[in-house]
Amino acid sequence: MANIKSQIKRIKTNEKARLRNKSVRSSIKTAARKFRDAVTAGDAAVISTELRDASKALDIAVAKGVLHKNTAANKKSSMAKAAVKAGVR
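Residues numbered from 1 in each chain as written. Predicted model: local features only at pLDDT ≥ 70, side-chain atom pairs only at ≥ 80, totals over all residues. Heavy atoms only, no water.

A. Representation of a positive patch on the surface within the structure. Residues Lys5, Lys9, Lys12, Lys16, Arg20 and Lys64 make up a contiguous surface patch of positive charge. The element contributing the most residues to the positive patch is helix α1 (residues 5–41), with five residues. Examined against the element boundaries, arginine 20 turns out to sit in helix α1. Note on arginine 20: relative accessible area 55%, which makes it exposed. (Patch = residues over 30% accessible without salt bridge, like charges linked within 9 Å, V, L, I, M, F, W, Y side chains within 5 Å. Areas by Shrake-Rupley, 256 points an atom, 1.4 Å probe, with all protein chains shown as cover. Salt bridge = Lys/Arg side-chain N within 4 Å of Asp/Glu carboxyl O. Lys, Arg positive; Asp, Glu negative; His and termini not counted. Charge placed at Lys NZ, Arg CZ, Asp CG, Glu CD. Helix = DSSP H or I, 4+ residues; strand = E, 2+ residues; numbered from the N terminus. Buried < 20%, exposed > 50% of the residue type's maximum accessible area, 1.4 Å probe, protein only.)

Next up, the structure:
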């Protein structure tokens, strides 16, 4: 444990940020899993809805600084390719 007061404060704020980031990452993973399940099921309406929700979750993560914008773009691109392959649009 740190002895310096400012470092003790940083440890506390870092822990809060870690928990916030963990929540955002979890929501991204959930959205991606729902999208993959929809692709497996094959329903075009559900696939497009889940793709939109997953893209929104990725955009939120980028805005909060949890993910790099290129990482989110790559994930969105691969999901869009999967949706097209499944027959959406």
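Next, the rest of the story.
B. Fine view of the packing of helix α2 (residues 44–64) against helix α3 (residues 69–85). Orientation of α2 relative to α3, taken along the N-to-C sense of each, is 175 degrees, at an axis distance of 9 Å. Relative to α3, α2 is oriented roughly antiparallel. Each of Ile47, Leu51, Ala54, Ser55, Leu58, Asp59 and Val62 in α2 lies in contact with α3, whose residues at this interface are Lys69, Ala72, Lys75, Lys76, Met79, Ala80 and Ala83. Looking at the contact of α2 with α3 residue by residue, the class counts come to nine nonpolar, one polar and four charged. (Axes fitted to C-alpha atoms, helices over the stretch in contact; angles between N-to-C directions. Parallel < 35°, antiparallel > 145°, perpendicular 65-115°, else oblique. Contact = heavy atoms within 4.5 Å. Nonpolar A, V, L, I, M, F, W, Y, C, P; charged D, E, K, R; others polar.)

Geometric values such as these leave the question of function open.
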